[in-house]
Number of protein chains: 2
Amino acid sequence: MKQSFFIALAVLLFNTVNAQKLKSPNQKLQMEFSLQNDGTPSYSLNYKDKVVIKPSKLGLYLKNDAKYLVNDFTIIDTKMTAFDETWKPVWGEVASIRNNYNELAVTLNQKGTDRQIIIRFRLFNDGLGFRYEFPSQKNLVYFTIKEERTQFAMTGNHTVFWIPGDYDTQEYDYTSSRLSEIRNLNEKSRTENVSQTAFSPTGVQTSLMMKTDEGLYINLHEAALINYACMHLNLDDKNMIFESWLTPNTNGDKGNMQAPCQSPWRTIIVSDDAREILASKMTLNLNEPCKIEDTSWIKPVKYVGVWWEMITGKSSWSFTNEFPAVQLGVTDFAKAKPNGTHGATTANVKKYIDFAAENGFGAVLVEGWNEGWEDWFGHSKDYVFDFVTPYPDFDVKGIHEYAKSKDIKMIMHHETSGAIRNYERHIDKAYQFMKDNGYDAVKSGYVGNIVPQGDNHYSQWTVNHYQYAIEKAAEYKIMVNAHEAVRPTGICRTYPNLIGNEAARGTEYQAFGGSKPNHVTVLPFTRLIGGPMDYTPGIFEMDISKINPNNHSHVNSTLANQLALYVTMYSPLQMAADLPENYNRFADAFQFIKDVAIDWEDSKYLEAEPGQYVTVARKAKGTNNWFIGNVNGYKARASNIKFDFLEKGKKYEATIYADAKDAKDANYKTNPQAYTIRKITVNNKSTLSQVSVSGGGYAISIIERK
Amino acid sequence: MKQSFFIALAVLLFNTVNAQKLKSPNQKLQMEFSLQNDGTPSYSLNYKDKVVIKPSKLGLYLKNDAKYLVNDFTIIDTKMTAFDETWKPVWGEVASIRNNYNELAVTLNQKGTDRQIIIRFRLFNDGLGFRYEFPSQKNLVYFTIKEERTQFAMTGNHTVFWIPGDYDTQEYDYTSSRLSEIRNLNEKSRTENVSQTAFSPTGVQTSLMMKTDEGLYINLHEAALINYACMHLNLDDKNMIFESWLTPNTNGDKGNMQAPCQSPWRTIIVSDDAREILASKMTLNLNEPCKIEDTSWIKPVKYVGVWWEMITGKSSWSFTNEFPAVQLGVTDFAKAKPNGTHGATTANVKKYIDFAAENGFGAVLVEGWNEGWEDWFGHSKDYVFDFVTPYPDFDVKGIHEYAKSKDIKMIMHHETSGAIRNYERHIDKAYQFMKDNGYDAVKSGYVGNIVPQGDNHYSQWTVNHYQYAIEKAAEYKIMVNAHEAVRPTGICRTYPNLIGNEAARGTEYQAFGGSKPNHVTVLPFTRLIGGPMDYTPGIFEMDISKINPNNHSHVNSTLANQLALYVTMYSPLQMAADLPENYNRFADAFQFIKDVAIDWEDSKYLEAEPGQYVTVARKAKGTNNWFIGNVNGYKARASNIKFDFLEKGKKYEATIYADAKDAKDANYKTNPQAYTIRKITVNNKSTLSQVSVSGGGYAISIIERK
């Protein structure tokens, strides 16, 4: 008996020594870390005692390293800590965020090489984050990552909402399928893009949204992507195991590291309530606190712009059609014959400034203001823009003064065409030009292949560039809205001057052939997990041929859905993207866009199902007013919500903008502009049942009755 | 008869139409351009009616272009012009340079594609230069070069002085062989280097020096390498045809072009007198005139420096041995334990400043002054230096003031470790730091592989970077001496602030195992054709173990040879590289280094044979004084020269520093420091016969007797 007792004890001790358990503050999530027999680090995750992630391997393959960092580890230290703090973001869906987790830091030593890594786990009530850390040490100083080996072993053939893995773009419509179907649907899902690079028929991007047949929602993403390659996921569809697949640098290496350093956090958000996925603040919580001391210059803004007219093809970014190519500083635009379609003219811009001022907007974005648009992409041109030289018909100072006189800010545009060395060479002068001419915010773009050629949009090298631009912008007190850059991963907590990204298929694609009508019911579960999206909604004219007879695209959304986006597609930066004349045609509906707030005290996700519907209520900061948005997918649906988030004892006037449901039903395809507006009084006991059509939705402004 | 007459006339016309002849101003060189039957452009070159270059093909292979630009051309225009001007360089071997050539510009149109190129030939008395030009046109705007197809068909199996083709380094000893032997000797010639990339067993670098069995000297190089990939030569050793082999960018492409644009000039310097090869100014003449308006701040300088003590291993660049790696801005050097071997300390630098002031030098270079040297190369580190943060023991301001008080300039050092994006990110602050702290000149370095990894030192992308650094330096009125950068191609005419390059195996290799004793008799024929070399001569202690007992290198040169280098290795920037104590040991010989001028009114090459000897006399600008240098190769030799370059009727005192020739013969290996000094009076009728030993030489200062 004694012998078996000691054996059992030894086994227990062994398990205790080699297996570490961690629970979330509310105990619903449980994580277990252990070493497999060959010293491979492994973790698993349970939610309410159900397996979410089966035991999954961790580690990294290093270049020029026979041993790698994948096995032969022993645990030499474990530290468990608890953390509970509340912090205030500069802007956000909420004014106050609780950061509460239990942490396990496991120090592993590799036999034979005497190398150490730390794997740090943070278990929140909403999910798990973990990362690799490489402490300062003798035997691991400089190393190159060949591939990261982080697995996420799924318990079954879940439903998944995905876009195909790609080193250069995320501008795909989402596909909803089973995990097992990714392989066959991958190629078809890869619609054309000016810069795209596939790597695997079962590769997908993050954040990845899944739903199990048992009704569990699982989201995979990363947080704090800094000085590291962006992670995709590659599915072993025999075993249903996702494995990390990093974006390579030009030479194929996946990361140049110098200890001490760390990987980003790999995140798994879990809930049996889809609304909690959307409400999760884990991505932000895993990022470093704000590094900017004085944030008073960082302000959300609602804007219009000279943009949609070029996207639809009505106008051009370029000034002239006279040259096959231009050379900055050599080509004399003053002598060139204007093409007559240039959008960014002083006169046209002033119209937008007038419109913005009349309608309470804060700023006007202008694209195509600067020399270089005649041959701006598709040629991997190096010296493509200088970011400071306007076309002859764009009066920088005159426009600045006119805007200033109307209390309007101009938003700068820096299209880089992917030529990142060129951008870095000019960036100080470009940022200083902004300050000298009254611009506080810049929309940057990375359209086309990265130059130097061969690099990828999401490699460590290029990710490093985006970060450089953001940090330098902070030095100049400039806000950045980066398009075509890497998907955000919560870095806006640390650098809140990063007020937006695109990094997904935005509204422009509605003019490039259209997006799926349920696209906006997926994006909050995928793209927006990492940060706000400059989705640029507010399209009132769905038939693009009315704007440009040669463009037969159709915007696959009802007008009410477009209004709802100002609430459902969270962003501190919101554009009313359509042409002023289209807003003037539907002034009553436009009223919602004028009224909706852009910075929030609180947000309540009322209803949510990926691919089907999202309904959220948000309280405008510094007021008692609320705004509700509902976006609906393919199937018409009655949304049922309670107003119990309203303050007891107060009355509010709710204005409901909804799809028309009568003889002439709204229909995103055939009758998108059919909407109704009605006003009712509500209080915190009120409820609402509102039908949204296919591709439809509704928007509600709830103003406190004083 | 009539029929044959017309046929003959037609043939004549056809030849006249498709073949273009060009002669040099003195008619000794004759070039013929023609189209082969399939429309392939071809040229040939004769010298004094002897074939130098057999008919050789021209053209370019373009990427993603089935047609290429190699054949199917017709001549649609030819223009012949003559040019004859004299211009004054800011500094140089001579004060006035004649630019005299006959030019032929042939415009070719490609059938089927309707694309045009211009090939422009300039035939000087010293050789031929030609380049491709791509005019602005509809059918050729953006194009990528897959490979240039420029051939140089040799007439025989010439003797050639070469280093192996390499995308990343030129720091090889020269091999002298027949063309046919390159293949077998190529691998062996590739001694180890921290950054090297071979591409072909018959690849060689330029400038390439050849001598035919008939005694004709032929030099191949390029001029005005701007925004293009550096050209190597690959030998078809069956047919003895060299063909251009460009350095690729990271993705393998060999050039991204946008018309209108041009290639660099491909140059062929020809003479039956080796001295005329050295005297040729063709490379400079093919470059654009000076683009800097005010050049008053550009000044030749003689300097000493804290450098050789690190190269020999006596001191270290680094400050501490405490860390396996450092992170700039994080690592606290103030708390680090000094390693006690740091060369760049305030105290040590002041010693060099004192030495410089006492001996009439203009400046002191200091390497290892700034944070980052602990792990500065071999790791492809990105943020390796910030170029502005000194170590705790280097007092920037204190040193500047001390130097200023002694009328000494400090020379800045920017080692980039090949991390060119990092350098560009910091370059404005780095250059401004220089101006703020009294530095006018910078030695830059590119040791190690280029970062971003995968790129090459001589690619278009990296060549573009060096040019960026030079042009930006000119904006700051800063002179640049770039080491490990691309070989110069005469750009110092356009940007005379480029006062030096290394781009070859310099004196440092004498401490890394030694160079061939005839190395310095080859370099003027190869490396120096493109521009001056910062060879950093003046080593008086040949036994390096006397400086660092662990380093058993031997400097393969006599002391007299080292003195001669100040004359034979032209540079506006001359270092007395050895440690002051070694100069103090041989103060009488050191006097020559103190006396020798660094900017010249005129230069006369008296004797020259590649690999064997170079003897040159130079007149110091603004004086009537001359300096002569002779460097000798393997075989001891009596140099016989006339002083007929001296002004008639004047007397001069000549001080001759020569290898000792007595019972204890100088010998570069066993008795390098045996030298004699004698003074004689000379005039323009004098002659001299002076024996130089193996690896030896002599130096003469000729001072006008007033």
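Looking at an unreviewed UniProt entry, one finds chain A named Alpha-glucosidase, with Flavobacterium glycines as its source organism. On record in UniProt, under Subunit (unreviewed entry), the comment for chain A is "Monomer."

Help me out: how do you make sense of the UniProt feature "domain: Glycosyl-hydrolase 97 catalytic" (unreviewed entry) in chain A in this one?
Per the UniProt record, "domain: Glycosyl-hydrolase 97 catalytic" (unreviewed entry) is found at residues 307-504 of chain A. A distance of 18 Å separates the end C-alpha atoms of residues 307-504 of chain A, which is 30% helix and 13% strand.

So what exactly am I meant to see when it comes to the environment of A617 of chain B here?
All names here are of chain B. Tracing the backbone through its elements, the reader meets A617 in strand β30 (residues 613-620). Given the relative accessible area of 0%, A617 is considered buried. Between the alpha carbons of A617 and K604 there is a distance of 5.1 Å; along the sequence they are 13 residues apart. The contacts of A617, once residues within four sequence positions are left out, are D602, S603, K604, L606, W626, F627, I628 and F645.

Can you walk me through the interface of chain A and chain B in this structure?
Many descriptions give the size of an interface as the accessible area lost when the pieces come together. Residue-level contacts link 29 residues of chain A with 29 residues of chain B. By the criterion of area lost to chain B, the three top residues of chain A are Y142, R425 and W461 of chain A, representing 26% of everything that side buries. Across the salt bridge formed by R421 of chain B and E424 of chain A, the nearest N and O atoms sit 3.9 Å from each other. Counting the contacts that link chain A with chain B gives 16 residue pairs in polar contact (both at pLDDT 80 or more). For the side of chain A that touches chain B, the residue count by class is eleven nonpolar, eleven polar and seven charged.

Help me understand the environment of V442 of chain B, please; the structure alone is not making it clear to me.
Residues and elements named next belong to chain B. Assignment of secondary structure puts V442 in strand β25 (residues 439-445). V442 sits 165 residues away from E607 along the chain, and the two C-alpha atoms are 34 Å apart. Ignoring sequence-local partners within four residues, the contact set of V442 consists of I411, M412, H413, H414, Y431, M434, I478, M479, V480 and N481.

Explanation requested: the relation of the copies chain A and chain B in the structure shown.
There are two copies of the chain, and a rotation about an axis plus a shift along that axis relates them. Superposing chain A onto chain B takes a rotation of 180 degrees plus a shift of 0.0 Å along the axis, which leaves an RMSD of 0.0 Å. Read as a symmetry element, the transformation amounts to a two-fold axis. Interface overlap between copies: 100% of the residues of chain A at the interface are likewise at the interface in chain B, consistent with a symmetric, same-surface contact.

How do you make sense of the sheet that holds strand β31 (residues 626-632) of chain A when you look at a structure like this?
By way of backbone hydrogen bonds, the strands of a sheet pair with one another, either parallel or antiparallel. Residue and element names in this part refer to chain A. What the six strands build is an open sheet, ordered β29-β30-β31-β36-β33-β34; its pairing is antiparallel. At either margin of the open sheet sits one strand with a lone partner, and together these are β29 (600-609) and β34 (675-682). Ignoring which end each strand starts from, the neighbouring axes of this sheet average 15 degrees apart. Here strand β30 (residues 613-620) runs beside β31; their pairing, made up of seven bridges, is antiparallel. Paired with K619 across the bridge in β31 is W626. Together, β29, β30, β31, β33 (652-659), β34 and β36 (697-704) form the strand contacts of helix α11 (residues 559-568), whose direction differs from that of β31 by roughly 125 degrees. In the packing of helix α13 (residues 587-595) onto the sheet, the strands contacted are β31, β33, β34 and β36, and the crossing angle to β33 comes to about 125 degrees.

Sorry, what's going on with the UniProt feature "domain: Glycosyl-hydrolase 97 N-terminal" (unreviewed entry) in chain A here?
Feature annotation in UniProt assigns "domain: Glycosyl-hydrolase 97 N-terminal" (unreviewed entry) to the following positions: residues 22-289 of chain A. Secondary structure across residues 22-289 of chain A comprises 7% helix and 49% strand; the distance between its end C-alpha atoms is 24 Å.

Here is what the cut-offs are and how they apply
- What you see as residue numbers is a count from 1 along each chain, following the sequence as written.
- To read the labels, note that chains go from A and ligands from 1, taken in the order they are written.
- Given that this is a predicted model, residues contribute local features only at a pLDDT of at least 70 and side-chain atom pairs are listed and counted only at 80 or more, while totals for whole chains, interfaces and linings are drawn from all residues.
- Side-chain descriptors were evaluated using all non-hydrogen atoms of the structure, hydrogens and water having been removed beforehand.
- UniProt positions are given in the numbering used here, feature names are shortened, and annotations may be inferred rather than shown by experiment.
- Strands here are runs of E lasting at least two residues and helices are runs of H or I lasting at least four, both read from the DSSP assignment and numbered beginning at the N terminus.
- Per-residue accessibility, obtained with a 1.4 Å probe over protein chains only, is compared with the maximum for each type, and a residue is labelled buried under 20%, exposed over 50%, and partly exposed between these values.
- Contacts were defined at the residue level, with two residues in contact if any of their heavy atoms lie within 4.5 Å.
- Here the buried area means the combined drop in accessible surface, using a 1.4 Å probe, for two parts upon being joined, counting both sides.
- Here, a salt bridge means any Lys or Arg side-chain nitrogen found within 4 Å of an Asp or Glu carboxyl oxygen.
- For the purposes of these results, a polar contact is taken to be a pair of N or O atoms within 3.5 Å, where, inside protein, one atom must be able to donate a hydrogen and its partner to accept one; residues adjacent in sequence count only when each atom of the pair is a side-chain atom.
- Gly falls in the polar group here, along with every residue not listed as nonpolar (Ala, Val, Leu, Ile, Met, Phe, Trp, Tyr, Cys, Pro) or charged (Asp, Glu, Lys, Arg).
- Superposition of the copies used a least-squares fit over C-alpha atoms from residues whose pLDDT is at least 70 in both.
- Here, strands pair whenever DSSP counts at least two bridges between them.
- Angular values range over 0 to 180 degrees, each being the angle between N-to-C directions of two axes fitted as lines to C-alpha atoms, with helices fitted over their stretch in contact.

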